Structure formats: structure tokens, C-alpha cells
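Geometric and topological summary
Each chain, written out:
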Amino acid sequence: MSSTIVPFGPQHPVLPEPLHIKLVMEDEKIVDAIPAIGYVHRGLEKLTETKEFTQNTFVVERVCGICSVMHAMAYCQGIEELMNIEISDRAKFLRVIWAELHRMHSHFLWLGLLADAFGFESLFMQTWRDREKVMDIMEETAGSRVVISCNTIGGTRRDLTKEQMAKIITTVDEIKHDLEQVEAVFLNNYTVKHRLVGVGVLTKADAIEYCTVGPMARASGIAMDMRTTGYSAYGQLDFEPITHNDGDCYARTYVRLKEIYQSIDLIKQAIAKIPEGEHVVPFKGFPPKGDVISRVEQPRGEVLYYLRGNGTKNLDRLRLRTPTFANIPSLLKMLPGSQLADVPMLILTIDPCISCTER
Amino acid sequence: MIENLVEITSDQLLAEVQKCKYDGYRFVTTTSVDNGDDTIDIVYHFDIDYKMKNLKITVKKDEEVPSISKVYVSALLVENEIKELFGVNITGIIVDYGGHMLLSEEELGSPMLRQQITIEKRGGNS
């Protein structure tokens, strides 16, 4: 049978990010997939060499809005290790609270896009309505809704008052109640399951072979979560990675949905345990010198920062590897053998972030 | 600072990477750093149960480096990236974009290298 090449992207209604994939088709079945990236390459890694190491916190936040807190967190942790800065316990808990709020809004955004992709408009709106509540918390506590710039070298730029923390608990409880209503639709509705179950299966063996990370790996039965290494205040909180064994689109939806509950729990635990004290310590001494690796769990998976300081205000190198970059090879593994109609689901369930991938 | 960093030569690279695979390590990524002279550091990061192993090679800018993508498929994107942005001559990548995964035809070659760019004045009064 002769094959046909169907171009998917760079812009597509379900994926408002520029990823182009050439799908080699035989009839309705995909036999090969060739990705083309580079549409939004911004050279941010190079830019960090020209900025001072204190300014780079703001540069890395702009790699991606959805996980900006975690980017700044990973960068600050790396610099703090290079300069031997010990941040206060309060700052560690504050970082966890904002990071988990960010994970919640990222997963809500993704669930909404998924609902939109399988044509369930009201579900999409209900999910994004709850996302708005998280964004409102961030606006009230940090001054902006997406890129909130709460991390700084030595701690956090802002503190949370008791009233703000009480309001966060009330809001996340409301969100939990709302999520319980939509959970049944995502996980039990016949039509929704028909679009998700058995689609785009990534086996555990393939997930290991293709070095998959994040919720995608956990949906294939790999209990890997950087938060369990105990960075920041995660070591003082009680949680287990959420996993599923089926490795299909349904499993990836399940993992992300349950991770919202987990984030709510972690926020409540952090607020219950947060100690009094300063939220930032002033740092002094020579600028960073030496090499360091810092890893953090973003909503999409593990991010790695490699920093090399030369003892001046400018870093020699800032290298970051984002989770989508690590997950694209797994996507290329899943596409061949699938039906054309399932491609939007398949691409969406890896939760691609192309601005992260290209930086 | 960097745990378990092993310095090797580019000749030893494939054998060491094979050993990592055999030992069950996951490939994390590869980092390249321009040392400011005529050499580049390339660090290969692996992970098993949250413990990292890092293999570091230092190569001349025109030296050939074998691709590890035949051992770890997921290395193909990062190797293409290093090849384009740093101009490292990585050979045998399983999917080689020929220098155009990220960059277009009009781009400067190897934009991540520390290059001295001289802007010449085109005559006229200053």
C-alpha cells in the first residue's frame, strides 16, 4: 500500500502551540511520525549568560508561564547550593505552597484542554472555572496571575499572612468539592472513556526505554517523582507518587486528576506545618563559582538545571532540560500504529509545552 | 557539587554509556559548555533511583563525537540540539536533522558558542 504524508500542525485547534508533525499514513493508520520543532526558539539559555545571576531568576520564569514557579525554584536552589546559602524553613514551606498552586492550575488547564479536544465544552468550562480560583489566589498573594515571581535567591520575595493562608484553605476546599463533581465525568463517562481507554498505550518497558518523565511515566507504572527526594519542604510532608498501570490516555488523565487532590493535600499540610520566621535571608559573599545540578518536579515532570559559575556576576552556562523535551521521543514511539483520529488525544496527553522544549 | 562525575575520553564514551544502560540507568540529558578556549565540555547525565551519574568528556571544537542515540534513543533530540547550537561534530545520530532542527537556513552557525562578533563600519563620517 502506498503511504501518504499528513501534516499535523504547526498550529492546530486542540494544541495552540507550534509543533509540527509529519504523519506517514497507510489508509487511516499511522506508520511513522517525524517531528519538526524550532518555531519559537528564543535563545533564553544564551540570554542568561549576558544577565547577572540575580536577574536570571526572572529570565528562567519566562521559559514557560505555566511552570514559572518551579523554574525559578530550581534555579534558586542551584545558586543557593553554589553559594552555600541556607534558606529559612518558612521560605521552604512558602515555596511548596506556591509550587503546588502552580501544579493545580497547570493540571486544570490541561484537563480543560482535554475536555475541549474530545468536544465536551461544558466540562472544559467547569474545569477552567476552578482554575480561575487558583489564579485569583495567586493574584491576591503574589500580585499577578501566571508569572508570579515569588522565588528569589535566599528565599521568597513575599510572605503569606494568616488570613491569606486561611483563605487558601477555604478556596482549595471549594475546589476539591467542585473537582469531585467533574471527576466522575472524566473517569466514568462512557463517551469520554471511549476516547481515552486503550488509546496511545505506552508500556512500562517502553517508558523506561524512552526515558519518560513526570505524569506520563507515572501513568505507565513508574513511581518516579522528584518531590520524593525531599527538596525544599517536601521532605517534611507526607505523600506518595500517584501511579496507574495501563499507560494509555485514560491512565494519564487519571494521574493528573488525582495529582490535583494531592496538591490540595500538600498545600493544607504545608499551611498546617509552616513555622514562623523570616521568608528571605540576605546573601553576601562572592558570586557563584563551580558546577551544580538542581532538579525539581514540574507539573509535566522532572526539570534539570545545570549551572556553571565562574566567580563573576555572570554565569558561564545555564542549561535546562524540560520535561516535554524528555517526553517527545515517547510520543514518537506511541504514534505509529495509532489511528489518525486519535492523534490530537495522543499529543495532548503528553501535556506538551513547546515554549519549554525550545526555550 | 555534582555527584558522581566521571571524566572519560570520547573513545571510552560508547562503552561507558553501554555500561550505564546495562546497569539500569535512565538517560536524563546532555549538557555542553564552551570553555572559552578551543574545547567544549560535554556532560552526559544518567539517573537511577534519583542518584545521578555524570560522564564528562572534553573535546576540541572540530573533533568527532560518537552519538549515544543508538544506545539511548531519547538522546536524539539533545544531540541534534548540541550539534546545531555548539557546532559539535556528533556522528551517527539515528535521526539527524542536518543542522535544521531548531535553526533556519539564514541563522548564524553555532550561535551558542562564545564568538567574538566584530561590527565593521561601512565608511562615511563617524
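Structure first, text after, so check above.
Here's a quick rundown of the structure. It should be emphasised that the depicted structure is a prediction, and the values quoted were computed from it without experimental measurement.

As for the overall build of chain A
Helix and strand counts for chain A come out as 13 helices and eight strands. A compact globule built from 359 residues should have a C-alpha radius of gyration of about 21 Å, and chain A, at 21 Å, falls within 12% of that. Projected onto its principal axes, the C-alpha coordinates of chain A cover approximately 70 × 45 × 35 Å. A buried classification covers 61% of the 359 residues belonging to chain A. For chain A, restricting intrachain contacts to residue pairs at least 6 apart in sequence, the fraction spanning at least 24 positions comes to 70%. Entry remark: accessible area of chain A is about 13,000 Å², with carbon and sulfur atoms responsible for 52%. Considering chain A, the positive charge centre built from 40 side chains and the negative charge centre built from 46 side chains are found 4 Å apart.

Considering empty space enclosed by the protein
All chains considered together, the criterion is met by four cavities of 30 Å³ or more. Estimated volume of the largest cavity: approximately 60 Å³. Residue lining of the largest cavity: Cys211, Arg321, Phe325 and Ala326 of chain A together with Phe27, Val28, Thr29, Ser74 and Val78 of chain B, and that is the complete set. Among the secondary structure elements, those contributing two or more residues to the lining of the largest cavity are α11 (323–334) of chain A together with β2 (26–34) of chain B. The leading source of residues in the lining of the largest cavity is β2 of chain B, at three residues. Residues belonging to the lining of the largest cavity are distributed by class as follows: six nonpolar, two polar and one charged. Considered as a void within the structure, the second largest cavity measures approximately 50 Å³ in volume.

Side note on the sheet that holds strand β3 (residues 39–48) of chain B
Residue and element names in this part refer to chain B. Ordered in space as β1-β4-β3-β2, the four strands form an open sheet in which the pairing is mixed. Edge strands, defined here as strands with exactly one partner in the open sheet, are β1 (5–7) and β2. Mean inter-strand twist for the sheet, computed between neighbouring axes without regard to direction, equals 20°. One ladder, built from eight bridges, connects β2 with β3; its direction is antiparallel. In the sheet register, Thr30 faces β3, and the bridge partner there is Tyr44. Along the sheet, helix α1 (residues 13–22) makes contact with β3 and β4 (51–60), crossing β4 at roughly 170°. Relative to the sheet, helix α2 (residues 76–86) contacts β2 and β3, its axis offset from that of β2 by approximately 5°.

Some words on the side chain of Thr357 of chain A
Assignment of secondary structure puts Thr357 of chain A in helix α13 (residues 354–358). Residues contacting Thr357 of chain A, with those up to four places away along its chain left out, are Ile37, Thr322, Thr324, Phe325 and Ile328 of chain A.

Remarks on the pairing of β3 of chain B
All names here are of chain B. When you tally the buried positions in β3, you get nine out of 10 residues, the bulk of the element. The hairpin turn running from β2 into β3, its antiparallel successor, is four residues long, and Gly36 in that turn takes a positive phi close to 90°. In this sheet, β4 lies alongside β3 in antiparallel orientation, the contact comprising 10 bridges. Note that in β4 the partner of Asp47 across the bridge is Met52. Between β3 and β4, which pair antiparallel one after the other, the connecting turn spans two residues, and Asp49 there sits at a positive phi close to 50°.

Digging into the pattern of salt bridges
All chains considered together, the criterion is met by 39 salt bridges over all chains. Residue Arg319 of chain A is joined to Glu45 of chain A by a salt bridge in which the shortest nitrogen-to-oxygen separation is 3.4 Å. Of this pair, Arg319 of chain A sits in strand β8 (residues 315–321) while Glu45 of chain A is found in helix α1 (residues 44–50), placing the two residues 274 residues apart along the sequence. This pair shows no difference in class: Arg319 of chain A is buried, exactly as Glu45 of chain A is. Its salt-bridge partner being Lys56 of chain B, residue Asp41 of chain B comes within 3.6 Å of it at the nearest N-O pair.

Examining the packing of helix α4 (residues 89–117) of chain A against helix α10 (residues 249–273) of chain A
All names here are of chain A. Closest axis-to-axis distance for the α4/α10 pair is 9 Å, and the angle between their directions is 155°. Here α10 runs roughly antiparallel to α4, going by the angle between their axes. In this structure, α4 crosses over α10, and the sense of that crossing is left-handed. Residues belonging to the contact of α4 with α10 are distributed by class as follows: 16 nonpolar, three polar and six charged.

Rules and cut-offs
Residues numbered from 1 in each chain as written. Chains lettered and ligands numbered in written order. Predicted model: local features only at pLDDT ≥ 70, side-chain atom pairs only at ≥ 80, totals over all residues. Heavy atoms only, no water. Helix = DSSP H or I, 4+ residues; strand = E, 2+ residues; numbered from the N terminus. Rg over C-alpha atoms; globule rule 2.2 N^0.38 Å. Buried < 20%, exposed > 50% of the residue type's maximum accessible area, 1.4 Å probe, protein only. Contact = heavy atoms within 4.5 Å. Areas by Shrake-Rupley, 256 points an atom, 1.4 Å probe, with all protein chains shown as cover. Lys, Arg positive; Asp, Glu negative; His and termini not counted. Charge placed at Lys NZ, Arg CZ, Asp CG, Glu CD. 1 Å grid on protein atoms, 1.4 Å probe; cavity = no way out; pocket = protein on both sides within 12 Å on 5 of 7 lines; lining within 4 Å. Points joined across faces, edges and corners; volume = space filled by probe spheres on them. Nonpolar A, V, L, I, M, F, W, Y, C, P; charged D, E, K, R; others polar. Pairing = 2+ DSSP bridges. Axes fitted to C-alpha atoms, helices over the stretch in contact; angles between N-to-C directions. Salt bridge = Lys/Arg side-chain N within 4 Å of Asp/Glu carboxyl O. Parallel < 35°, antiparallel > 145°, perpendicular 65-115°, else oblique. Left-handed = near helix turned anticlockwise from the far one by under 90°.

Function cannot be inferred from these measures alone, as they are strictly geometric.
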